[in-house]
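If you want the building blocks of each chain, they are given just below.
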Amino acid sequence: MIAPRVPPVSSIACTIVDPAALRVFGTLRASFPNSIRGVELMGRAGFDSSRNPVTSFVSLCIAFHSLNQALIGTGWQAERSGGTPGHHYRLSPVNPSRGGQ
């Protein structure tokens with residue numbers, strides 16, 4: 001079985017309005033096929049979670065939503081295992097049988 005290829009940043013960049021969402025995409029893409037903890041994702045994507053963890057996490061959530069909006073129709077989605085910074089985040093192919101796009 002051939003592993004799916006994540007879309008290149010250049011193909012998604014034109015559809016992402018939020019620069020934070022583009023940084024989140026780049027970080028998740030670099031981590032693919034593995035997941036990354038939210039705390040680590042915030043740090044790598046440039047959110048200052050050490051100074052203001054609540055604002056950083058809210059910003060991550062907004063960027064995550066913007067990223068998923070940009071990924072509609074690409075066959076990819078950003079997923080998270082739960083709703084806290086300790087949960088895992090990753091890119092994955094859309095699985096229509098699980099309610100994907």
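Everything quoted here is computed from the prediction, not taken from an experiment.

Each value, and the rule that gives it
- Residues numbered from 1 in each chain as written.
- Predicted model: local features only at pLDDT ≥ 70, side-chain atom pairs only at ≥ 80, totals over all residues.
- Heavy atoms only, no water.
- Helix = DSSP H or I, 4+ residues; strand = E, 2+ residues; numbered from the N terminus.
- Buried < 20%, exposed > 50% of the residue type's maximum accessible area, 1.4 Å probe, protein only.
- Polar contact = N/O pair within 3.5 Å; in protein donor to acceptor, adjacent residues only side chain to side chain.
- Axes fitted to C-alpha atoms, helices over the stretch in contact; angles between N-to-C directions.
- Parallel < 35°, antiparallel > 145°, perpendicular 65-115°, else oblique.
- Contact = heavy atoms within 4.5 Å.
- Nonpolar A, V, L, I, M, F, W, Y, C, P; charged D, E, K, R; others polar.

Undergrad: For the environment of Tyr-89, give the residues involved together with the corresponding values.
TA: Along the chain, Tyr-89 turns up in strand S3 (residues 88-93). For Tyr-89, a relative accessible area of 1% translates into the label buried. Of note is the side chain of Tyr-89, whose polar atom sits 3.3 Å from the backbone oxygen of Thr-84.

Undergrad: For the packing of helix H2 (residues 19-31) against helix H4 (residues 53-71), give the residues involved together with the corresponding values.
TA: Axis separation between H2 and H4 bottoms out at 8 Å; the angle between their running directions is 80°. Our classification of the angle between H2 and H4 gives roughly perpendicular. Counting all contacts with H2, which are made through Ala-20, Ala-21, Val-24, Phe-25 and Leu-28, the residues of H4 involved are Leu-60, Ala-63, Phe-64, Ser-66, Leu-67 and Leu-71. For the contact of H2 with H4, the per-class residue count stands at 10 nonpolar, 1 polar and no charged.

Undergrad: Outline the side chain of Thr-27, listing residues and values.
TA: Along the chain, Thr-27 falls in helix H2. Relative accessible area serves as the criterion here: at 8%, Thr-27 is assigned to the buried category. There is a polar contact of 2.9 Å between the side chain of Thr-27 and the backbone oxygen of Arg-23. For Thr-27, the contacting residues outside a window of four places in its chain are Ile-36, Leu-41, Arg-44 and Ala-45.

Undergrad: Go over the environment of Leu-28, please, and point to the residues and values.
TA: Residue placement: Leu-28 occurs in helix H2. Since its relative accessible area comes to 1%, Leu-28 is described here as buried. The sequence separation of Leu-28 and Leu-91 amounts to 63 residues, and the corresponding C-alpha distance is 6.1 Å. Excluding anything up to four places from it in sequence, Leu-28 contacts Ile-36, Leu-41, Phe-64, Leu-67, Ala-78, Tyr-89, Arg-90 and Leu-91.

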